[in-house]
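As a plain string of letters, each chain reads:
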Amino acid sequence: MKKKEVEDTRIQTSFMLVDDSIIEQCYEEGKGTKFAIYKDGDVEYKNKIEIAGQVYIPINGEEVLKKAVLLPTKAEEYGTDEELDNEIKTYIKKWLDIPDDVLQFALWNIKRSWVFDRFHTLNYLRALGDTGMGKTRFLDTLGYIHYKPIATSGATTSAPVFRIIEKWKPTLIMDEADFQKSDEAQDIIKIINLGYEKGKHVMRCDQNDANKINMFDPYCPKILATRGSFEDKATESRCITQVMKGTNRQDVPLNLNKEFFETTQTLRNKLLMWRFKNYHSIEPDKVVDLGLDLEPRVKQIVTSFVSLFCDDEKQLEKFKVFIKNHQEDIIEERKNSWAGVIVGGIYELLNDGQVDISAQDIIDKVGLKNKKGNPVQPRSLSTTLKALGFGKTVSRRINDLDSPQETGVKRCIPMENIMLKNLLKRFGYDVTVVTVPGGVPEIIEIEQTEKTGSP
């Protein structure tokens, strides 16, 4: 007679908050999984935890045994915050060649990943460059010491990515994230676009039951590597990008070796202790005035970092410089876009004193041409002008300055005062609001000094 199989009612999890305790999963090869339980400054280890009659055990999937997810082996003391920061920087400098400002930001990004669930929004770290420029080394060096890193690639389908995020809440490391146009690619883009903010769930029908809806939460840290920019501007705007240019340094090891993996393991252990000690002291809603005029998307970056070091004046000053330069880069890139060229044309026309502006005026002013080298048609600007916030064109009777007796009707772009002011500022131009008499709508008077994008 067969024995009746007993259903395993234990719940597998890698993280829990129970009263004043923080519980994290650890894994050591040859010794298996365990929970590290932090309470009142002390750490103890258990193979299972029972709460209100329910037993919880660490996750024991294939991704653990094959180290697809990289976990601490224990919580390890790290000394002071400054000592930990210096140790991380020394490690990064040994294995990766990046500018000092990017190194500093990488450090902040690493530490934030270890308390990411305390914040409401996240931006993503991204390496951009051609083959052989160091993108993979960027992912490995920085990614391996982020919180619970799991590496994948753009070739992975969306279904396992949804489930691995739901299961682990890891740092998702995605190489070759240049997505071609396909349904799978669009699903991955949704993971990136919706996964920057808490509570932005993705709905999917259950494969086994069409009447059942599964809700996936893609919120987690992400590090990406791409050869080009994302076509989706929302995706692009959520990335802090480092353009990889290779290295001339001879002291950067060519291959990852035993020392690399031992060092990353030690740093993960120390960062786990840092998470334990700092988790409840993080104030995600704390307002810190940096004294900078920042765009809303850039302000989101500030709020998700500044509480890590708001009491450290030196780090705050470094962060102010970084975030100011980042905004300048965003504005400069915006200026060089198709929309930026159009806005630049409007700026130049207004600067010339022209009030009634048509699409043809913009084309003539900046010499807009199509792929064949011919001037574009005015209607090809309509979608971009609408996206920029301009309303429908209006007919106006225009006098010919050379022949005042001659008049004509012209389809003009409406220049609404506040909208135009905000638009020009967004693209890095200094403007002052004035009212022009004579029945002409309020427009913008252009300053002669052009901003480079600094707040």
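What counts, and where the lines are drawn
- Residues numbered from 1 in each chain as written.
- Predicted model: local features only at pLDDT ≥ 70, side-chain atom pairs only at ≥ 80, totals over all residues.
- Heavy atoms only, no water.
- Helix = DSSP H or I, 4+ residues; strand = E, 2+ residues; numbered from the N terminus.
- Buried < 20%, exposed > 50% of the residue type's maximum accessible area, 1.4 Å probe, protein only.
- Contact = heavy atoms within 4.5 Å.
- Polar contact = N/O pair within 3.5 Å; in protein donor to acceptor, adjacent residues only side chain to side chain.
- Patch = residues over 30% accessible without salt bridge, like charges linked within 9 Å, V, L, I, M, F, W, Y side chains within 5 Å.
- Areas by Shrake-Rupley, 256 points an atom, 1.4 Å probe, with all protein chains shown as cover.
- Salt bridge = Lys/Arg side-chain N within 4 Å of Asp/Glu carboxyl O.
- Pairing = 2+ DSSP bridges.
- Axes fitted to C-alpha atoms, helices over the stretch in contact; angles between N-to-C directions.

### Here we look at the environment of Thr141
- Turning to its location among the elements, Thr141 is positioned in helix 4 (residues 135-143).
- The class for Thr141 is buried, based on a relative accessible area of 0%.
- Those residues in contact with Thr141 that lie beyond four places of it in its chain are Tyr91, Ile92, Trp95, Leu96 and Phe260.
- Engagement of the side chain of Thr141 in a polar contact is seen with the backbone oxygen of Arg137, the distance being 2.8 Å.

### Details of a nonpolar patch on the surface
- On the surface, Met203, Ile213 and Met215 cluster together into a nonpolar patch covering about 310 Å² of accessible area.
- The topology assignment puts Met203 in strand 11 (residues 202-205).

### Considerations on unusual backbone geometry
- Even without being a glycine, Asp19 presents a positive backbone phi close to 55°.
- Locating Asp19 in the fold gives a position in the loop between strand 2 (15-18) and strand 3 (21-28).
- The exposure class assigned to Asp19 is exposed, which follows from its relative accessible area of 74%.
- One non-glycine residue with positive phi stands out, namely Lys169, at about 50°.
- Mapped onto the elements of the fold, Lys169 is located in the loop between helix 5 (158-168) and strand 10 (171-175).

### Focus on the sheet that holds strand 13 (residues 222-226)
- With parallel pairing, the five strands of this open sheet are ordered in space as 9-10-13-8-14. In this open sheet, the two strands that pair with only one neighbour each are strand 9 (149-153) and strand 14 (239-243). With direction set aside, neighbouring strand axes in the sheet form an average angle of 20°.
- Where strand 10 and strand 13 come together, three bridges link them in parallel fashion. For Leu172, the partnering residue across the bridge sits in strand 13 and is Lys222.

### Notes on the pairing of strand 10
- Counting buried positions along strand 10 gives five out of five residues, so the element sits mostly inside the fold.
- Residues Thr171, Ile173 and Asp175 line one face of strand 10 and the alternating positions Leu172 and Met174 line the opposite face, and both faces are buried.
- Strand direction decides the pairing type here: strand 9 and strand 10, joined by five bridges, are parallel. Paired with Ala151 across the bridge in strand 10 is Ile173.

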